[in-house]
Amino acid sequence: MLPLMNGQANQGIGKAKSRDRMGEGKKTLISFLSFALTMALTSWVAVIVNDRRPDKDLHPPLPDLFLENINPNNNAHFVMAGTLFILGATIGITLSFHTYRHVILQRYFSSIIVLYIWRNFTLVVTSLPLAHHHIPCAPKTDGTFEMRLKQALEEFLTLGATTGSGVICGDYLYSGHTLSYIYLTYYATRYSPNIGCILHPIMWITSVVGIISLLVSFNHYSVDVVVSLILAPVFLTLHEVLVENPALRPKYKFHRLLFPLMSFLEADRSDPDSCIIHNVYDFDYVNSKLKWCRECL
């Protein structure tokens, strides 16, 4: 599909604007706050899981076909952070120019938060031993609300990178980082032009490198990554089918339980033509924002 520029708007999702009971900006804010709340809950659960992690002296790492044949590399953490930054920056730049940036963000948040909520349940249900004895884990808290809140806040603000005294351990099944890799790469390639026919392959390669670095750093067992690699495409596909085909929603009402935020955000988009996002780029929008910034300076 060839991208459209500036005034070459299509007959797609723009049709729903006149029927929209709530502005797209407000919908985006609601979806972002829902995502932020979910990530805050995930940070809190991670701290609880870290407190409940099995004693590494009593519980050795589980057998893992991949991890057994490699040695941990501390530099893999930097590779993992770098690849996530590249993918995040790419989708950020793309959305800056995309005419339907608000709808894309709404659909991203409404889909991925479901998997993170489910992940919180799987983390609490079963505690797995550390994947490697030499992982610098953050110390366990004393179990009080204040200490757990402090550590969860550090985890939330650093996006799970560190808490200042080590990494949160035990939050294994399944991999949240892998979910982020798949979702960021899908949305970045879905809504960006494939410049020179090489941009999209480079982004998928970047994602693969990041997932491999995640394993090399021993932050996860291989099964954590495999489960995420299965769940992410399934949920992405199901979510995309439901948002782009409103006629299916009354027939399959389970979406209200599976994707409750999507049901709310997509309620005003009942026309099939109003649900499909075409790649339309608005450079005037970015230019106006840059002009406003220059005037402020």
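First, a word on scope: everything that follows refers to the structure included in this document.

Rules of the game
Residues numbered from 1 in each chain as written. Predicted model: local features only at pLDDT ≥ 70, side-chain atom pairs only at ≥ 80, totals over all residues. Heavy atoms only, no water. Helix = DSSP H or I, 4+ residues; strand = E, 2+ residues; numbered from the N terminus. Expected span 1.5 Å × (residues − 1). Buried < 20%, exposed > 50% of the residue type's maximum accessible area, 1.4 Å probe, protein only. Contact = heavy atoms within 4.5 Å. Polar contact = N/O pair within 3.5 Å; in protein donor to acceptor, adjacent residues only side chain to side chain. Disulfide = S-S within 2.5 Å. Core = buried A, V, L, I, M, F, W, Y, C linked by side-chain atoms within 4.5 Å.

1. Section: helix H5 (residues 176–190)
With 15 residues, H5 extends 21 Å from end C-alpha to end C-alpha; this agrees with the ideal 21 Å at 1.5 Å per step. Of all 15 residues in H5, 12 are buried, a share of seventy percent or more. Residues of H5 that are buried make contact with helix H2 (76–97), helix H3 (101–125), helix H6 (199–216) and helix H7 (222–244).

2. Things to note about the side chain of threonine 42
Topologically, threonine 42 is positioned in helix H1 (residues 24–51). Its relative accessible area of 7% is what places threonine 42 among the buried residues. At a separation of 3.3 Å, a polar atom in the side chain of threonine 42 contacts the side chain of asparagine 120. Each residue touching threonine 42, except ones within four places of it in the same chain, is listed here: Tyr116, Arg119 and Asn120.

3. Thoughts on the state of the cysteines
Counted under the stated rule, the structure contains one disulfide. Covalently, cysteine 137 is tied to cysteine 169 through a disulfide, its sulfur atoms 2.0 Å apart. Judged by the sign of its S-S torsion, about -100°, the cystine formed by cysteine 137 and cysteine 169 is left-handed. One end of the pair, cysteine 137, is in the loop between H3 and helix H4 (145–157); the other, cysteine 169, is in the loop between H4 and H5, with 32 residues separating them in the sequence. Residue cysteine 137 is classed as buried on the basis of its relative accessible area of 16%.

4. Remarks on the nonpolar core
Membership of the largest hydrophobic core comes to 42 residues, with the highest contact counts inside it found for Tyr108, Ile112, Tyr183, Tyr187, Phe235 and Phe259. The leading source of residues in this core is H3, at nine residues. The residues touching phenylalanine 235, leaving out its near neighbours within four places in the chain, are Ser111, Val114, Leu115, Trp118, Tyr183, Leu258 and Phe259. Of all hydrophobic cores here, the second largest spans 11 residues; its members include Leu130, Ile135, Tyr172 and Phe218.

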